[in-house]
Amino acid sequence: MQFLNAINSSVPLLASATETVDSSMVMAAVLLSLVVIYFASKVGGELSNRVGLPPVLGELVGGVVVGISVLHLLVFPEGGTDSSSSLIIAFLQSTAGLTPQAADGVFAAQSEVISVLAELGVIILLFEIGLESNLKDLMAVGIQATIVAVVGVVAPFAAGTVGLMTLFGIDAVPAIFAGAALTATSIGITSKVLSEIGRLNSKEGQIILGAAVIDDVLGIIVLAVVASLAKEGEVDVTKVIFLIISATTFLLGAILLGNFFNRSFVRIVNRLKTRGELVIPAFIFAFVMAYLAAVIQLEAILGAFAAGLVLEETDKRKELQKQVIPIADLFVPIFFVTVGAKTDLGVLNPAIPTNREGLVMASFLIIVAIIGKVITGLTVFGQPEINRLAIGVGMIPRGEVGLVFAGVGAASGVLSKPLGAAIIMMVILTTFLAPPLLRFVFPDTTNGATETEKLVLDVAGATSLTIEQPQLLTAKSPDVANLESAPDSSES
């Protein structure tokens, strides 16, 4: 009881909810919420996949539909709404005997549970991304990809942050958060399109993929720093430098200690004989790393990402990836649908005069998001015949990585409604624009290549790649910049 009292005293919302509300009603509300979330994610993901876009974008749009913007099935109190705005609570009142007096308590507790599950989902997502990021390939992508990645992070971040502060009068912390959201690049979307047009193994394709991998790592560090700034509520240069050093040291330290831990992890796993002998120790490690990151004032997701990078180096990697996928399938959609559900696109309605600034803000972010990535192609040197425009366009889509920024920003409360909606619109538009733009900037002279090369891309897993050729099969690790299929190194 003392333990439960301690939890209640540290979490007043849950304490007040559990004191006044029947727990069975809270459970019913949570179960209905999960039904709505999974239905929206599946329908949205399937429709998005059928039109050639990543399923995660459909999950986001599905969340928008069931959330505060359209159907009000899944709403949260952060936006100033109450139980009367939730159709799930109304349904429980009409069918399950929920009293109007208890509705507010059930609504608060249900929202808290779903928000916690969404945060757990993003931790699992970053662990999965870490498992799919090959460190050896990351270090082998070369100076060209590194320069493209660094410019692709610095240019949009600086332009977005300064522009929001000077043109729109946004405070420093939310402006920095929005600028950070502009740094992301979705490798899954770009690699899928490159494979379809037969350019995955081109010089441009290798530079794009390598830069996107580095971009992800830099983006996670940036996210950890700005999320910590959001908790402080103000910008302290000394604090920023400390956070950058802490995040970089934490990530590099985890990688360097990885070789020692890898051997211990494999020995422990080999001694276990019951169900979950691999995946449970892996998640124990991931959650401990997430906890350590949170304790040193970084984001928990940085620890989860570092854990994935470490375990990617073990010989259990492929088996672990397979076992993590169904767990991610359960938790990650909760995060993306929740991000969409909390986004009130009504604040961008141009018919309302007070919303026009938010719409202009969204337009500004979209322009910076596109130009800030397109210019990265100009940094490629020593290759006069390379398609620099194609490299820049390949870095445009934000996809699931941009949604992580938007979700963390919304959860921290640092983003206003118009700014949060503007970021979501930027993520959606850049993700939609990238596939047709990539097809446009590459000359249509590669049909022959696509006949001798077939690429199967697991978009749901973001970047799992396998290249098949006639009488050849070459398997490469995920997120590989150098995807080559040479006959003398392939396995039949």
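Remember, predicted model here, so these are calculated numbers, not experimental data. (Residues numbered from 1 in each chain as written. Predicted model: local features only at pLDDT ≥ 70, side-chain atom pairs only at ≥ 80, totals over all residues. Heavy atoms only, no water.)

### Quick word on the side chain of Lys-316
Here comes step 1: Position of Lys-316 among the secondary structure elements: in the loop between α15 (300-312) and α16 (317-342).
Here comes step 2: Ignoring sequence-local partners within four residues, the contact set of Lys-316 consists of Val-266, Val-269, Asn-270 and Leu-278. (Helix = DSSP H or I, 4+ residues; strand = E, 2+ residues; numbered from the N terminus. Contact = heavy atoms within 4.5 Å.)

### Description of the environment of Ile-296
Here comes step 1: Checked against the element boundaries, Ile-296 lands in the loop between α14 (279-295) and α15.
Here comes step 2: For the pair formed by Ile-296 and Leu-243, sequence separation is 53 residues and the distance between their alpha carbons is 9.1 Å.

### A short note on the nonpolar core
Side chains of a nonpolar character, in soluble globular proteins, are inclined to be buried together.
Here comes step 1: Counting 91 residues, the largest nonpolar core has Leu-126, Phe-127, Leu-164, Leu-365, Val-404, Ile-423 and Met-426 as the members making the most contacts within it.
Here comes step 2: The element that contributes the greatest number of residues to this core is helix α11 (residues 203-232), accounting for 11 residues.
Here comes step 3: Those residues in contact with Leu-365 that sit more than four places away from it in its chain are Leu-164, Leu-182, Leu-419, Ala-422, Ile-423 and Met-426.
Here comes step 4: Among the nonpolar cores identified, the runner-up in size contains 27 residues, and Val-26, Ala-103, Ile-114 and Ile-334 belong to it. (Core = buried A, V, L, I, M, F, W, Y, C linked by side-chain atoms within 4.5 Å. Buried < 20%, exposed > 50% of the residue type's maximum accessible area, 1.4 Å probe, protein only.)

### Description of helix α6 (residues 100-131)
Here comes step 1: Helix length check: α6 (32 residues) gives 47 Å between terminal C-alpha atoms against 46 Å at 1.5 Å per residue, within 8%.
Here comes step 2: α6 sits mainly inside the fold: 23 of its 32 residues count as buried. (Expected span 1.5 Å × (residues − 1).)

### Describing the side chain of Thr-376
Here comes step 1: Along the chain, Thr-376 falls in the loop between α17 (356-374) and α18 (388-394).
Here comes step 2: Apart from the residues lying within four places of it in its own chain, the contact partners of Thr-376 are Val-148, Val-151, Gly-152, Ile-391, Gly-392 and Met-395.

### Concerning the pattern of salt bridges
Here comes step 1: Scanning the model with the defined rule gives 4 salt bridges in all.
Here comes step 2: For Lys-417, the salt bridge is made with Asp-344, and the minimal N-O distance between the two is 3.8 Å. You can see Lys-417 sitting in helix α20 (residues 417-441) and its partner Asp-344 sitting in the loop between α16 and α17, a full 73 residues away along the chain. (Salt bridge = Lys/Arg side-chain N within 4 Å of Asp/Glu carboxyl O.)

### Re the confidence of the model for the protein
Here comes step 1: For the protein, the average pLDDT comes to 79, and 82% of its residues sit at 70 or higher.
Here comes step 2: The secondary-structure element of the protein with the lowest mean pLDDT is strand β3 (residues 472-475), recorded at 36, while helix α3 (residues 23-50) shows the highest, at 94.
Here comes step 3: Every residue in residues 1-19 is under pLDDT 50, and counting partners more than four places away or in other chains gives 7 contacts.
Here comes step 4: Residue range residues 445-492 is modelled with pLDDT below 50. Its contacts to residues more than four positions away, or to other chains, number 99 contacts. (pLDDT = per-residue confidence, 0-100.)

### Details of the packing of α3 against α16
Here comes step 1: Put simply, α3 and α16 touch, their axes get as near as 9 Å, and they point 85 degrees apart. By the criterion of interaxial angle, the relationship of α3 to α16 is roughly perpendicular. For the pair α3 and α16, the contacting residues are Leu-34, Ile-37, Tyr-38, Ala-40 and Ser-41 in the first and Leu-330, Pro-333, Ile-334, Val-337 and Thr-338 in the second.
Here comes step 2: Considering only residue class, the contact of α3 with α16 consists of 8 nonpolar, 2 polar and no charged. (Axes fitted to C-alpha atoms, helices over the stretch in contact; angles between N-to-C directions. Parallel < 35°, antiparallel > 145°, perpendicular 65-115°, else oblique. Nonpolar A, V, L, I, M, F, W, Y, C, P; charged D, E, K, R; others polar.)

### Section: a nonpolar patch on the surface
Here comes step 1: A cluster of nonpolar side chains, contributed by Ile-280, Ile-284, Val-288, Tyr-291, Leu-292, Val-295 and Ile-296, occupies part of the molecular surface with about 640 Å² of accessible area.
Here comes step 2: Position of Ile-284 among the secondary structure elements: in helix α14. (Patch = residues over 30% accessible without salt bridge, like charges linked within 9 Å, V, L, I, M, F, W, Y side chains within 5 Å. Areas by Shrake-Rupley, 256 points an atom, 1.4 Å probe, with all protein chains shown as cover.)

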